[in-house]
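# Structural description and commentary
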Amino acid sequence: MGLLDKQLNDGNIVVTKVEDLLNWARLNSVWQVGFGLACCAIEMMATSASHYDFDRFGVIPRPSPRQSDVIIISGTVTLKMALRVKRLYEQMPDPKYVISMGSCSNCGGPYWEHGYHVLKGVDRVIPVDVYVPGCPPRPEALLEGLLKLQEKIRNESIVKKSA
Amino acid sequence: MKSTEEVFEILKGRFGDAVSNLVTGQPVESYFSVSPTEIKNVCLFLRDTDELLFDNLMVLSGVDDDNGERKTAEDGTFTSVGGTLSVFYHLESTSLKQKVTLKVSVPRETPDLESVAEVWRGADWHEREAYDLIGFNFLNHPDLRRILMPYDWEAGHPLRKDYKNPEFYQGMKVPY
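Notes on the structure follow. (Residues numbered from 1 in each chain as written. Chains lettered and ligands numbered in written order. Predicted model: local features only at pLDDT ≥ 70, side-chain atom pairs only at ≥ 80, totals over all residues. Heavy atoms only, no water.)

## Observations regarding the interface of chain A and chain B
Taken together, the contact between chain A and chain B spans 13 residues of the former and 17 residues of the latter. Scanning the region where chain A abuts chain B turns up zero salt bridges. Per element, the largest residue contribution to the side of chain A that touches chain B is four residues, and it comes from helix α3 (residues 79–91) of chain A. Looking at the side of chain A that touches chain B residue by residue, the class counts come to nine nonpolar, one polar and three charged. (Contact = heavy atoms within 4.5 Å. Salt bridge = Lys/Arg side-chain N within 4 Å of Asp/Glu carboxyl O. Helix = DSSP H or I, 4+ residues; strand = E, 2+ residues; numbered from the N terminus. Nonpolar A, V, L, I, M, F, W, Y, C, P; charged D, E, K, R; others polar.)

Pasting the structure below:
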């Protein structure tokens, strides 16, 4: 578990790798873009609220993409919105992550066949790190999606490029 | 409280042939047709006459009647030729507690009809939606732009029966 299981040689000294330190810091403060699209956004807000308390994992909604690490695509991405989603993503500073929440943003969901206005998966415009299934996913599912993302960040390397 | 039949008779006396085709006995509301050029005058009359006072346009919606000829291409898609598109107006009088439904049919090739946005301000966005999705041309509308689809959508009006979705929009693949 990152830093916490490292040997403490002295009361005030922790020995670790720079990489582990960076990853530990990053994965425990993934700030999200304060951005919601459809009914999934209601579940996302419930996840942020006191009962599920997204903040205990360090997820805080930020009012600007410039201050954010993760964008949760919570809902149906219409073709009109897709251009805006792409712009928001491009405005975020690196390293940046994407959680695709719910069937609509995963693959078009119920609009896959007759949704003339729906983008069939947000991964057609921006790269997605974690897909959370559900329609909409329960807060627990979104929390697990975040834990998956944290696992991904924990294994990142500043030297090796991840795929 | 006036029934649709009574409203129809009043309008018949005032506008003559501009109102026609009273349909009753349906499982849905009774309705009658109004000519596309007279609809605004009829609506003003319905709103301002003391015994009618239809002050509220509850909804304005468009329909592709799909009564034209279908020309099927080799790939199975078809184009509709002829026939009509229709706009339905659901009016309500909040003071007299009465309702009436109007229908305006226009030819598919020239879907022009008078806007009622000046009669009820709420009609503005409803007409924009009907224009966006079915493609009516509301004459004298203050701001007839698309309201739901992107402004640069070039593939036509999606709720027409012969609508074909494009392969790409702004570099994004549209079909599944």
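## Observations regarding the layout of surface pockets
Space inside the second largest pocket adds up to approximately 340 Å³. As for the second largest pocket, its lining consists of 14 residues, of which E113, H114 and Y116 of chain A together with Y163 and N165 of chain B are closest to the centre. Broken down by class, the residue content of the lining of the second largest pocket amounts to seven nonpolar, three polar and four charged. (1 Å grid on protein atoms, 1.4 Å probe; cavity = no way out; pocket = protein on both sides within 12 Å on 5 of 7 lines; lining within 4 Å. Points joined across faces, edges and corners; volume = space filled by probe spheres on them.)

## Examining the packing of helix α2 (residues 39–48) of chain A against helix α5 (residues 139–154) of chain A
All names here are of chain A. It is at 9 Å that the axes of α2 and α5 come closest, and there the two elements cross at 75°. One finds that α2 runs roughly perpendicular with respect to α5. Across the interface between the two elements, E43, M44, A46 and T47 of α2 pack against P139, L142 and L143 of α5. Within the contact of α2 with α5, the residues separate by chemical class into five nonpolar, one polar and one charged. (Axes fitted to C-alpha atoms, helices over the stretch in contact; angles between N-to-C directions. Parallel < 35°, antiparallel > 145°, perpendicular 65-115°, else oblique.)

## Brief notes about the packing of aromatic side chains
In this structure the tally under the stated criterion is seven aromatic pairs over all chains. Residues W153 of chain B and Y169 of chain B carry aromatic rings whose centres are separated by 5.2 Å and whose planes lie at 50° to one another, so their mutual orientation is tilted. Residue W153 of chain B is found in the loop between β9 (137–139) and β10 (168–169), and its partner Y169 of chain B is found in strand β10; the two are separated by 16 residues along the sequence. The exposure classification of W153 of chain B matches that of Y169 of chain B, with both residues buried. Above the face of the Y89 of chain A ring, K96 of chain A is positioned so that its terminal group lies 4.3 Å from the ring centre. Positioned over the ring face of F15 of chain B is R14 of chain B, at 5.2 Å from the centre of the ring. (Phe/Tyr/Trp six-rings, centres within 6.5 Å; stacked < 30°, edge-to-face > 60°. Buried < 20%, exposed > 50% of the residue type's maximum accessible area, 1.4 Å probe, protein only. Lys NZ or Arg CZ within 6 Å of the ring centre and 35° of its normal.)

## Comments concerning the environment of I153 of chain A
Residue and element names in this part refer to chain A. For I153, the position within the fold is in helix α5. Along the sequence, I153 and A25 sit 128 residues apart, while their C-alpha atoms lie 9.9 Å from each other. Not counting residues within four places of it along the chain, the set of residues in contact with I153 comprises N23, R26, L27, V30 and Y97.

## Section: the side chain of Q150 of chain A
Residue and element names in this part refer to chain A. The topology assignment puts Q150 in helix α5. For Q150, a relative accessible area of 6% corresponds to the buried category. Excluding anything up to four places from it in sequence, Q150 contacts L27, N28 and F57.

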